[in-house]
Amino acid sequence: MELLEKLKVAPTAAIVMLQARPLYTSGLTGRYYALLDLGDVQQISGEISRMFKHFTEIVIYRKKFIRYLLDQYLQDGAPVQVCIMGAGLDPLSLWLLENYRNAIGSIYEIDSSHLQHKSALYSRVLPGRPPVHFIQADITDTLHLLDKLRDAGYSPEKPTVIVFEGLIHYITDEQFLNTMQAFRTPNKTNVVMLDYLLPEDDVPEHTLPVYRDLVKKIEGFIGGKFQTYSRPQIFRLVSLLHGDVAAVDSLQDIEFKLNGRNELFYEEGEGFMEMTAFYL
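The present account deals with the structure reproduced in this document. (Residues numbered from 1 in each chain as written. Predicted model: local features only at pLDDT ≥ 70, side-chain atom pairs only at ≥ 80, totals over all residues. Heavy atoms only, no water.)

### Quick notes on the sheet that holds strand β4 (residues 104–111)
Within a sheet, adjacent strands bond to each other through the backbone by hydrogen bonds, running parallel or antiparallel. Pairing is mixed across the open sheet formed by seven strands, whose spatial order is β5-β4-β3-β6-β7-β9-β8. Each of the sheet's edge strands pairs with one partner strand only, and the pair in question is β5 (132–136) and β8 (244–250). Sheet twist, expressed as the mean angle between neighbouring strand axes with direction ignored, is 15°. Note: β8 against strand β9 (residues 273–279), six bridges, orientation antiparallel. Across the sheet, residue Ser250 finds its bridge partner in β9, namely Glu274. Together, β7 (191–197), β8 and β9 form the strand contacts of helix α10 (residues 231–240), whose direction differs from that of β8 by roughly 160°. (Pairing = 2+ DSSP bridges. Helix = DSSP H or I, 4+ residues; strand = E, 2+ residues; numbered from the N terminus. Axes fitted to C-alpha atoms, helices over the stretch in contact; angles between N-to-C directions. Contact = heavy atoms within 4.5 Å.)

### Things to note about the packing of aromatic side chains
Going through the model one piece at a time under the given rule, you end up with 12 aromatic pairs. Look at Tyr32 and Tyr122: their rings are 5.5 Å apart centre to centre, the planes differ by 80°, and that puts the pair in the edge-to-face class. Residue Tyr32 is found in helix α2 (residues 27–33), and its partner Tyr122 is found in helix α6 (residues 115–125); the two are separated by 90 residues along the sequence. For Tyr32, a relative accessible area of 0% translates into the label buried. For Tyr122, a relative accessible area of 3% corresponds to the buried category. Through a chain of ring-to-ring contacts, the aromatic side chains of Tyr32, Tyr122 and Phe134 assemble into a single cluster. (Phe/Tyr/Trp six-rings, centres within 6.5 Å; stacked < 30°, edge-to-face > 60°. Buried < 20%, exposed > 50% of the residue type's maximum accessible area, 1.4 Å probe, protein only.)

### Brief notes about helix α4 (residues 55–73)
Side chains that are three or four residues apart share a direction in an α-helix, a result of its 3.6 residues per turn. The end-to-end C-alpha distance of α4 is 28 Å, a good match for the 27 Å that 19 residues give at a rise of 1.5 Å each. Within α4 the residues assigned to the buried category are Phe55, Ile58, Val59, Ile60, Tyr61, Arg62, Lys63, Phe65, Ile66, Arg67, Leu69 and Leu70. (Expected span 1.5 Å × (residues − 1).)

And the structure:
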């Protein structure tokens, strides 16, 4: 790929990036976003937005809340490592370097594709030698994942923040547990952040038609099934990892914490999503 060309984004990642555009209007992330070509998913993204009028807000709240959680765990002092699992083309590393450079020792972006091109784009917007390491790997291939991380400089002995955004929907419980096992520590010094889609039973009845249509549309687009989780099921997974839940928030909670009020989501289960952070 010539560096002067815009980079086409994988369809599933492109839908999310297109919806999250208001987050990337300035600074390093704005310059990076301008280099992405999201044209191929304009139609499907528009269809989803028409089907569920708050789809854009949910995507933005998810990404903003990841930043909100990072605000809680990144402080100046002993720099921590950050592992961004399934990093795709999201420029979270750029946001971290703009806002928390002194609190971060190194960042590891892991994904099975795009990272060579992403590295080239980062070089255009972030000259020099930023502490970002790109690791092309399947996050569920735990036999090789930790070796590749160590080869890149990752230390299991150092505190780490693991961002697991937009991923648990696509893998099995066994794969999730196996991947997280690679990050377990004796004193639970690591923190994991993730989001999950709620099952039908946890969604208010008046929103079920939209929920079912939305899930059907996305599953048809990705050619697979979206995994869903209730809060007790998430707690069970964390317990199996011998982790400790630090926080769990419904979309109603998230909106209030981010904005100081609720304008879109007033009832538990509205928005179909929850987010959690746990020590590991």
